[in-house]
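Results of the structural survey
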Amino acid sequence: DGGITQSPKYLFRKEGQNVTLSCEQNLNHDAMYWYRQDPGQGLRLIYYSQIVNDFQKGDIAEGYSVSREKKESFPLTVTSAQKNPTAFYLCAGSSSGANVLTFGAGSRLTVL
Amino acid sequence: DAKTTQPPSMDCAEGRAANLPCNHSTISGNEYVYWYRQIHSQGPQYIIHGLKNNETNEMASLIITEDRKSSTLILPHATLRDTAVYYCIVRMPGEAGNMLTFGGGTRLMVKP
């Protein structure tokens, strides 16, 4: 089945630790996105990438980093510089010039 | 700046039509209206989109006013499984970046 696969689904981290969230897609999407969602809130864009080896900051990029070495993969690293990292993280993809975002199931990060 | 305005919550009786409004008074001529929904703790799911004509698919109907300043998503026979947060966003095809931030949406509660 084609789709956006995020892992892990749940992740716990101690303060001061970096953590990397995986996002893989087999939809041949050119563009990929990372969003953050806090309880009861909408989605805020962290980073996006429209082609391999290129990415752009979104609204709330501070404390996060990404890479896009392969078209299929867009991992997100939550660094220790992110002051309030506990949140639900969503990865999405879309084809070039297309209108529709396809989302993964999300990764819930809790900082202890 | 918020590009869309939606009521924070709505109730609907099971089996009845659910009509979810969205105000987008600053929409530009080449921007489409998109609707997504997010069931609790899952990734958002695309529902429908349109430019100026009314649209219908297997999930819903989209009614856009003639001046395009507002629209209504219609779920013709709401079921309990339609309980979700519904997001209305406006964007141009292929647009990336901060225009893809989702606002607070409308929390639809379908009641038996």
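Here's what I pulled together on the structure shown here. Being a predicted model, the structure only gives us computed values, none of them experimental.

Reading the values: rules and limits
Residues numbered from 1 in each chain as written. Chains lettered and ligands numbered in written order. Predicted model: local features only at pLDDT ≥ 70, side-chain atom pairs only at ≥ 80, totals over all residues. Heavy atoms only, no water. Contact = heavy atoms within 4.5 Å. Buried area = accessible area lost by both parts, 1.4 Å probe. Salt bridge = Lys/Arg side-chain N within 4 Å of Asp/Glu carboxyl O. Polar contact = N/O pair within 3.5 Å; in protein donor to acceptor, adjacent residues only side chain to side chain. Helix = DSSP H or I, 4+ residues; strand = E, 2+ residues; numbered from the N terminus. Nonpolar A, V, L, I, M, F, W, Y, C, P; charged D, E, K, R; others polar. Disulfide = S-S within 2.5 Å. Buried < 20%, exposed > 50% of the residue type's maximum accessible area, 1.4 Å probe, protein only. Pairing = 2+ DSSP bridges. Axes fitted to C-alpha atoms, helices over the stretch in contact; angles between N-to-C directions.

Another point: the interface of chain A and chain B. Opposite the 25 residues of chain A that make contact, chain B presents 23 residues. In this assembly, chain A packs against chain B so that about 1700 Å² is buried in total across both faces, 52% of it on carbon and sulfur atoms. Between chain A and chain B we count 0 salt bridges in total. Remark: the boundary between chain A and chain B carries 5 residue pairs in polar contact (both at pLDDT 80 or more). Secondary-structure elements contributing two or more residues to the side of chain A that touches chain B are β4 (31–37), β5 (43–51) and β9 (87–94) of chain A. The element that contributes the greatest number of residues to the side of chain A that touches chain B is β5 of chain A, accounting for 5 residues. A breakdown of the residues in the side of chain A that touches chain B according to their chemical character gives 12 nonpolar, 9 polar and 4 charged.

Moving on to the state of the cysteines. Under the counting rule described, the total for this entry stands at 2 disulfides over all chains. The side chain of Cys-23 of chain A participates in a disulfide bridge whose partner is Cys-91 of chain A; the two sulfur atoms lie 1.9 Å from each other. Judged by the sign of its S-S torsion, about -75°, the cystine formed by Cys-23 of chain A and Cys-91 of chain A is left-handed. Here Cys-23 of chain A is found in strand β3 (residues 19–25), whereas its partner Cys-91 of chain A is found in strand β9, with 68 residues between them in sequence. The class for Cys-23 of chain A is buried, based on a relative accessible area of 0%. What makes Cys-91 of chain A buried here is its relative accessible area of 0%. Shown here is the disulfide that connects Cys-22 of chain B with Cys-88 of chain B, its sulfur atoms set 2.1 Å apart. When the S-S torsion is -80°, as for the bridge of Cys-22 of chain B with Cys-88 of chain B, the disulfide is left-handed. Separated by 66 residues along the polypeptide, Cys-22 of chain B in strand β2 (residues 18–23) and Cys-88 of chain B in strand β8 (residues 84–91) bring together distant segments of the chain. Here Cys-22 of chain B and Cys-88 of chain B have matching classes, each one buried.

Quick look at the environment of Cys-91 of chain A now. For the pair Cys-91 of chain A and Gln-25 of chain A, spaced 66 residues apart in sequence, the C-alpha to C-alpha distance is 9.7 Å. Excluding residues that lie within four positions of it along the chain, Cys-91 of chain A makes contacts with Ile-4, Gln-6, Cys-23, Met-32, Tyr-33, Trp-34, Thr-102, Phe-103 and Gly-104 of chain A.

The next thing to look at is the side chain of His-24 of chain B. All names here are of chain B. Within the secondary structure, His-24 sits in the loop between β2 and β3 (32–38). With a relative accessible area of 0%, His-24 lands in the buried category. A distance of 2.9 Å separates polar atoms of two side chains, one belonging to His-24 and the other to Ser-71. In this structure His-24 touches Lys-3, Thr-4, Val-33, Arg-68, Lys-69, Ser-70, Ser-71, Cys-88 and Val-90, once residues within four positions along its chain are discounted.

Next up on the list: the sheet that holds β3 of chain A. All names here are of chain A. The 4 strands lie next to each other as β1-β3-β8-β7, forming an open sheet whose pairing is antiparallel. The sheet terminates laterally at β1 (4–7) and β7 (64–66), the two strands that pair on one side only. On average, each strand axis in the sheet is tilted by 20° relative to the strand beside it, whichever way the strands run.

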